[in-house]
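Observations on chain architecture
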Amino acid sequence: MSIKLFRIDDRLIHGQVVVGWGQPLHVRFIVLVDDVVRASPSEQELYRMGVPAHIDVIFASVAEAAARLPEWDADPRPGIVVSGDIATLAALTENCHRVARINVGGIHAKPGRSERLRFVFLSDAEAAELRRLAARGIEVTAQDVPTARPVPLAEFA
Amino acid sequence: MSEPLRGVIVSHAAVAAALIAAVESITGVGDAFVPVSNDGCDREALFQTLAAAVGEHPAVLFVDLPGGSCLTGAVAYARGRPGLAVVTGVNLAMLLDFVFHRELAPLAAAQRAAAAGSRAIRTPAA
């Protein structure tokens, strides 16, 4: 399997993704799935800035990502798929058996959310959405960096 | 005399606060910089923190890494604000230079600080 990590992180591409996970996984491509960023060249420029030249960055809408997931999965290079919210990754898992694990890497505080872990804040609806993913056989854990303990879903949602 | 530039250091964890403490211990100047940490911040929260740190002042935003959430937030915030300039790879040498050249325009001060910071990176013989 070429995609080493399916990550939910509202900072999208940042240090933990590029360095924290990218180095040990020897990542060579990152897919950022976000409809807003996909439509904005200036946002794409921002997210490209911190990525070394040897890592390709692919910007995809949710629909594009759903269509191209098999292609990325067949890529011989290791890759990461990152989205900013649970709903996006949930949409990618619909009718798709390729996503076995989801990494909750960072969901920050907003009105309506409560703190579940230092780096995970969820509304009740978001917690329920994660539980629905788990009920479909997807392993959901929270882990900001690879050296941290992967926290099982039952401990935070 | 116009208002001196403000320096806003945007960093992971407590790097910004530590750099400001070092600048003050060396120069005795304690009001040139404001620290901003990205701890617990998504883009929106970082924007709010930056807005509070910058206020209505002309400023240079010193960012720790040339990529990542601190930079994306700082660059996005500075867009369309001509009174702001951004420098990445913040180090103590560039901050010490900036302290004494805060009368410059933001972009000129940022470029000068970047040059000073670059000059400080060496591999001296042991």
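Everything numeric here is computed off the predicted structure, so don't read it as measured data.

Thresholds applied
- Residues numbered from 1 in each chain as written.
- Chains lettered and ligands numbered in written order.
- Predicted model: local features only at pLDDT ≥ 70, side-chain atom pairs only at ≥ 80, totals over all residues.
- Helix = DSSP H or I, 4+ residues; strand = E, 2+ residues; numbered from the N terminus.
- Rg over C-alpha atoms; globule rule 2.2 N^0.38 Å.
- Buried ≥ 20, exposed ≤ 12 C-beta atoms within 10 Å, placed from the backbone.
- Axes fitted to C-alpha atoms, helices over the stretch in contact; angles between N-to-C directions.
- Parallel < 35°, antiparallel > 145°, perpendicular 65-115°, else oblique.
- Left-handed = near helix turned anticlockwise from the far one by under 90°.
- Contact = placed C-beta atoms within 7 Å.
- pLDDT = per-residue confidence, 0-100.
- Pairing = 2+ DSSP bridges.

1. Concerning the overall build of chain B
Regarding its fold elements, chain B presents 5 helices and 4 strands. Counting helices and strands in the order they occur from the N terminus, chain B gives β-α-β-α-β-α-β-α-α. Here the C-alpha atoms of chain B give a radius of gyration of 14 Å, agreeing with the 14 Å that 2.2 N^0.38 yields for 126 residues. In terms of overall dimensions, chain B has a C-alpha envelope of 45 × 35 × 25 Å along the principal axes. Among the 126 residues that make up chain B, the fraction classed as buried is 44%.

2. Overview of the packing of helix α2 (residues 43–54) of chain B against helix α3 (residues 69–78) of chain B
Residue and element names in this part refer to chain B. One way to put it is that α2 packs onto α3 with a least axis distance of 10 Å and a crossing angle of 60 degrees. Classified by the angle their axes make, α2 and α3 are oblique. In the crossing of α2 with α3, the sense of the turn from one axis to the other is right-handed. Along its contact with α2, which presents R43, L46, F47 and L50, the element α3 presents S69, G73, A74 and Y77.

3. Observations concerning the confidence of the model for chain B
On average, residues of chain B carry a pLDDT of 95, and 99% of them reach 70 or more. Among the prediction metrics, the complex's ipTM stands at 0.79, with pTM recorded as 0.89.

4. Digging into the sheet that holds strand β5 (residues 101–106) of chain A
Residue and element names in this part refer to chain A. Here we have 7 strands laid out as an open sheet, ordered β3-β2-β4-β1-β5-β8-β9, and mixed in their pairing. Each edge of the open sheet carries a strand with a single partner, namely β3 (56–60) and β9 (151–152). With 4 bridges connecting them, β5 and strand β8 (residues 139–142) associate as parallel partners. Pairing of V104 across the sheet is with A142, part of β8.

5. With respect to the packing of helix α4 (residues 92–99) of chain B against helix α5 (residues 106–119) of chain B
All names here are of chain B. With their axes 7 Å apart at the nearest point, α4 and α5 run at an angle of 140 degrees to one another. Viewed along their axes, α4 and α5 adopt a mutual orientation that is oblique. Handedness of the crossing formed by α4 with α5: right-handed. Touching A93, M94, D97 and F98 of α4 are A109, R112, A113, A114, A116 and G117, all from α5.

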